[in-house]
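Tertiary structure, described
Letter by letter, the chains look like this.
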Amino acid sequence: MSSDSSKKRKPKVIRTDGAPQESKRSRVDPDQDVKYYSEEAEVELRDPNKDYELYKQTCQELQRLMAEIQDLKSKGSKDSAKQKVDAYHLQLQNLLYEVMHLQKEITKCLEFKSKHEEIDLVSVDEFYKEAPPEISKPDITLNEPHQQTLARLDWELEQRKRLAEKYKECLANKEKILKEIEVKKEYLSSLQPRLNSIMQASLPVQEYLFMPFDQAHKQYETARHLPPPLYVLFVQANAYGQACDKKLAVAIEGSVEEAKALYKPPEDSQDDESDSDAEEEQTTKRRRPTLGVQLDDKRKEMLKRHPLSVTIDLKCKDDSVLHLIFFYLINLNVMTVKTKVTTATEMTTPISAGDLLSPGSLLNCLYPGDHGRRTPNPANQFQFDKVGILTLSDYVTDLGHPYMWVQKLGGLHFPKDQPQHTVTADNSLSASHMEMTMKLLRTRLQSRLALHKQFASLEHGIVPVSSECQHLFPSKVVSRLVKWAALPYEDYLELSYTKDVVEAGLAEDTHLYYMALVERGTAKLQAAVVLNPGYSSMPPIFNLCLNWKGEKTNSNDDNIRAMESEVNVCYKELCGPRPGYQLLTNQLQRLCVVLDVYLETESHDTSVEGPKEFPQEKMCLRLVRGPNRMKPFKYNHPQGFFSHR
């Protein structure tokens, strides 16, 4: 190979990855590790004889290997090779199985739940706060969760040991107290005979000191003749009065002899009956009773009351008294109550307050839905069908109202699916309802008396606002109440702007209804008021109708709806001091205030000459807001301005 030809050949470029490339300097990155290989230069450096020997040895080695392969194939070593492969495969399977076994063990370890996890330990913060340092070891346990858990378990064990010791001490104290109780029982059992002798000897002293212990004893003797429900009521009311309410007085009225006669055996009156039968035979010969007379007698017998009754007098702070007379209807197995109110001073009765203290409606819905018109005993309806009584409500004026709370005070319970025909009275049922019912009765009387006084002012156009509630209203209120009158339930239903309240079920015939008229100038605002029997825990509901430049109600004026919201929804702001009996008058005063704001923020018609009918006297941050042009009805005290809610 000539030197000229070697000069013409271009050197090859060997990349580090072994692929030859032509030497193009423009394409080689100087940062890459590049080697230049020159074949001609290597030929000049190598010895041809050594290359020949190397080539020869390589060929011989290849021949030897090929012969060895041929020999192995001819001798059938193929099977041994398979065995070797099988051995390796078996070894692989063993390793895989061992891996799977280890994974299962790891899973078991991860899913393992220790017994201590079932123990409800105290929190970590509480542990470090309460446990002593020798148990908590904060220098070790704060950084090691395992040591922390062990320390918490130690503290739990220590606490349980302490509780076990305390339990043993309590058991010992219990045994000691039981022994003391037995000793006292023996003492008390021997005390009754001695007390009887002392009471007998102290009768002259009782009369002299006006301490009628013997009279109370006679009351309890009379109570033996009460029917079970009235007896339960008498005992529980007496116990409650002695323990919790010194202003509660309980007494028994009626004829004891008639009560004894009810339980006389029939044999005792056979002779009398024979005489009376003879007289009846003589009278029946002359006149046979008609079917109507017979039914009337059966109804009277069906509605017969027990001769004895229980009276409870609830006295209030202002010396007004609520008299409750409880009766028991023998054949119907229900209790009824009649009411009467006595005030400390003679009160002038406003026209609109006629139903406030009425015996027929005073205790309506003392508990929600308990109007006392239907008998609570399901079995009574079958009895009524036999004698032609449609409903008990036709007789409540004479018999009293069978409220559900009256039955519970007498321990009577009437499951709907199990009508009762026998008299059963539960003392625990009466005791569980006594306190709450007495509080509700006293609250009802006080709230009605407060309304009675307020109505006297309202009928004269005066909205009474107490000094505690003056801050709820601005100092100057121009709109004034000109009318306050009772409204019949039927008339309330016919009003066009009260339909939403009626449809919502918030207006029932047991509620009280009133009409208020507020005026300012030519504007007249009518307010139909629904007064729930549970006032003031249940707020009154106002529906408004403004007659000024047309008739405006909540259906055609968003601001009228907002005025109703100020009175109905935001009533908690108007309750005043507890128990909130001033809520109604505060609502009426708020109604006068929002009417002022409504009229004063109305835009003035510039085409009409003369002064503005309702000049703006209230300070408002913004007269109107939003696309509905809502007015600022919220009063902010003590700043004295009105704003939007």
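Residues numbered from 1 in each chain as written. Predicted model: local features only at pLDDT ≥ 70, side-chain atom pairs only at ≥ 80, totals over all residues. Heavy atoms only, no water.

Moving on, we get to the packing of aromatic side chains. Applying the stated criterion across every chain, the model contains eleven aromatic pairs. Summarising the aromatic geometry, the rings of Trp484 and Tyr514 are spaced 5.2 Å apart at their centres and angled 15 degrees between planes, so their arrangement reads as stacked. Note that Trp484 is positioned in strand S8 (residues 480–486) and Tyr514 in strand S9 (residues 512–520), a separation of 30 residues in sequence. Summarising the burial analysis for this pair, Trp484 and Tyr514 share the class buried. (Phe/Tyr/Trp six-rings, centres within 6.5 Å; stacked < 30°, edge-to-face > 60°. Helix = DSSP H or I, 4+ residues; strand = E, 2+ residues; numbered from the N terminus. Buried < 20%, exposed > 50% of the residue type's maximum accessible area, 1.4 Å probe, protein only.)

Before going further, it helps to spend a moment on the packing of helix H8 (residues 145–189) against helix H9 (residues 191–201). Between H8 and H9, the least distance of the axes is 4 Å, while the angle of their chain directions is 35 degrees. Residues Tyr187, Leu188 and Ser189 of H8 touch H9, and the partners they reach there are Leu191, Gln192 and Pro193. Broken down by class, the residue content of the contact of H8 with H9 amounts to four nonpolar, two polar and no charged. (Axes fitted to C-alpha atoms, helices over the stretch in contact; angles between N-to-C directions. Contact = heavy atoms within 4.5 Å. Nonpolar A, V, L, I, M, F, W, Y, C, P; charged D, E, K, R; others polar.)

The next subject is empty space enclosed by the protein. Tallying each qualifying case throughout the model produces one cavity of 30 Å³ or more. If you trace the largest cavity, you find it lined by Asp355, Ser361, Asn364, Arg448, Thr510, Leu512 and Pro533. Its residues placed into classes, the lining of the largest cavity shows two nonpolar, three polar and two charged. (1 Å grid on protein atoms, 1.4 Å probe; cavity = no way out; pocket = protein on both sides within 12 Å on 5 of 7 lines; lining within 4 Å. Points joined across faces, edges and corners; volume = space filled by probe spheres on them.)

On to the sheet that holds strand S15 (residues 641–643). Overall, mixed pairing links the three strands, which are arranged S13-S15-S14 in an open sheet. Looking at which strands have only one partner, the edges of the open sheet turn out to be strand S13 (619–620) and strand S14 (634–636). Direction of pairing for S14 relative to S15: antiparallel, over a ladder of three bridges. Residue pairing across strands places Tyr635 opposite Phe642, the latter belonging to S15. (Pairing = 2+ DSSP bridges.)

A separate point is the side chain of Glu519. The residue Glu519 is located in strand S9 in this model. Looking at Glu519, the relative accessible area reads 17%, which means it is buried. Of note is the side chain of Glu519, whose polar atom sits 2.8 Å from the side chain of Lys524. With residues up to four places along the chain from it excluded, the contact list for Glu519 reads Ser479, Arg480, Val482 and Lys524. (Polar contact = N/O pair within 3.5 Å; in protein donor to acceptor, adjacent residues only side chain to side chain.)

Attention now goes to the nonpolar core. Phe455, Trp484, Phe542, Met563, Leu584 and Leu591 are the most contacted members of the largest nonpolar core, which has 48 residues in total. Of all the secondary-structure elements, those providing two or more residues to this core are helix H19 (427–458), S8, S9, strand S10 (523–531), strand S11 (541–547), helix H22 (558–568) and helix H23 (583–600). No other element matches the eleven residues that H23 contributes to this core. For Leu584, the residues in contact, after removing those within four places along its chain, are Leu451, Gln454, Phe455, Trp484, Val529, Tyr535, Pro540 and Phe542. Counting residues in hydrophobic clusters, the runner-up holds 46 residues, among them Phe234, Trp405, Val406 and Met438. (Core = buried A, V, L, I, M, F, W, Y, C linked by side-chain atoms within 4.5 Å.)

Interpreting fine coordinate detail is not advised for predicted regions of low pLDDT. This prediction gives the protein chain a mean pLDDT of 84; 85% of its residues lie at or above 70. The model gives residues 1–34 a pLDDT under 50, and that stretch makes 26 contacts with residues more than four places away or in other chains. Here residues 268–273 is a poorly scored stretch, pLDDT under 50, and it has zero contacts once near neighbours within four places are set aside; other chains count. (pLDDT = per-residue confidence, 0-100.)

In terms of residue burial, S9 counts as a mostly covered element, since nine of its nine residues are buried. The side-chain alternation of S9 yields two buried faces, one formed by Leu512, Tyr514, Ala516, Val518 and Arg520 and the other by Tyr513, Met515, Leu517 and Glu519. Pairing geometry for S8 and S9, over six bridges, is antiparallel. Bridged to Ala486 within S9 is Tyr514. Looking at chain direction, S9 and S10 are connected through nine bridges and run antiparallel. Among the inter-strand pairings, Tyr513 is bridged to a residue of S10, identified as Val530. Where S9 folds back on S10, the antiparallel hairpin that results is connected by two residues, among which Gly521 adopts a positive phi of roughly 65 degrees.

Before going further, it helps to spend a moment on the pattern of salt bridges. Considering all chains together, one arrives at 23 salt bridges under this definition. When the shortest N-O distance is used, the salt bridge between Asp51 and Arg46 registers 2.6 Å. Overall, the relative accessible area of 41% leaves Arg46 in the partly exposed class. Between Arg442 and Asp245 there is a salt bridge, with its nearest N and O atoms 2.8 Å apart. On the criterion of sequence distance, the pair formed by Arg442 in helix H19 and Asp245 in the loop between helix H12 (228–243) and strand S4 (248–254) is long-range, its members being 197 residues apart. Comparing Arg442 with Asp245, the two get one shared label, buried. (Salt bridge = Lys/Arg side-chain N within 4 Å of Asp/Glu carboxyl O.)

Of the pockets and cavities examined, the largest pocket occupies roughly 650 Å³. Asn532, Gly534, Tyr535, Ser537 and Met538 are the residues nearest the centre of the largest pocket, which is lined by 28 residues in total. No other element matches the four residues that H19 contributes to the lining of the largest pocket. Its residues assigned to classes, the lining of the largest pocket shows 15 nonpolar, ten polar and three charged.

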